[in-house]
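Structural description and commentary
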Amino acid sequence: ARQFDLYPAVKSALARLQSTRSVREFCQLAANEVRRFTGFERVMVYRFLDDGAGEVVAEALGGDFESYLGLRY
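The structure displayed is predicted, hence computed values, not measured ones. (Residues numbered from 1 in each chain as written. Predicted model: local features only at pLDDT ≥ 70, side-chain atom pairs only at ≥ 80, totals over all residues. Heavy atoms only, no water.)

1. Concerning helix H1 (residues 6–18)
- Given a rise of 1.5 Å per residue, 13 residues ought to cover 18 Å, and the 18 Å separating the end C-alpha atoms of H1 matches this to within 8%.
- Taken residue by residue, H1 has Ala9, Ala13 and Leu17 as its buried positions. Viewed end-on, H1 has its buried residues packed into an arc of 70°, placing them on one side of the element. Residues of H1 that are exposed and point over 90 degrees away from its buried face: Tyr7, Lys11 and Gln18.
- On its buried face, H1 is in contact with helix H2 (23–38). (Helix = DSSP H or I, 4+ residues; strand = E, 2+ residues; numbered from the N terminus. Expected span 1.5 Å × (residues − 1). Buried < 20%, exposed > 50% of the residue type's maximum accessible area, 1.4 Å probe, protein only. Arc of directions from axis to C-beta. Contact = heavy atoms within 4.5 Å.)

2. Regarding the pairing of strand S1 (residues 42–48)
- Here S1 runs beside strand S2 (residues 54–61); their pairing, made up of seven bridges, is antiparallel. By the bridge assignment, Arg42 is partnered in S2 with Leu61.
- Counting the residues in the hairpin turn of S1 and S2 gives five residues, including Gly52, whose phi is positive at 90°. (Pairing = 2+ DSSP bridges.)

3. A closer look at the side chain of Thr20
- One can find Thr20 in the loop between H1 and H2.
- Take Thr20: its relative accessible area is 18%, and that puts it in the buried class.
- A distance of 2.8 Å separates a polar atom in the side chain of Thr20 from the backbone oxygen of Leu17.
- Each residue touching Thr20, except ones within four places of it in the same chain, is listed here: Glu25, Phe26 and Leu29. (Polar contact = N/O pair within 3.5 Å; in protein donor to acceptor, adjacent residues only side chain to side chain.)

4. Things to note about a nonpolar patch on the surface
- A grouping of Leu6, Val10, Leu14 and Phe37 is seen on the molecular surface, where their side chains present a nonpolar patch of about 340 Å² in accessible area.
- With three residues, H1 is the single largest residue contributor to the nonpolar patch.
- Counting through the fold element by element, Phe37 comes out in helix H2. (Patch = residues over 30% accessible without salt bridge, like charges linked within 9 Å, V, L, I, M, F, W, Y side chains within 5 Å. Areas by Shrake-Rupley, 256 points an atom, 1.4 Å probe, with all protein chains shown as cover. Salt bridge = Lys/Arg side-chain N within 4 Å of Asp/Glu carboxyl O.)

Written out as structure tokens, the structure reads:
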């Protein structure tokens, strides 16, 4: 696993998140950053609807995964 200093990495990630121009851009960048920090192969961001269902609005994938972007559960 790749090692990095946590504080500078988080500070840099937060600065990038603050510079986003839309909620979708923020969500995509957040998924990318969580994947970078955790090393998980798949990170998804859900938007929960009033009926309790969720829609995948952003994802960061590693490997050869099928995209779930736009799917509702």
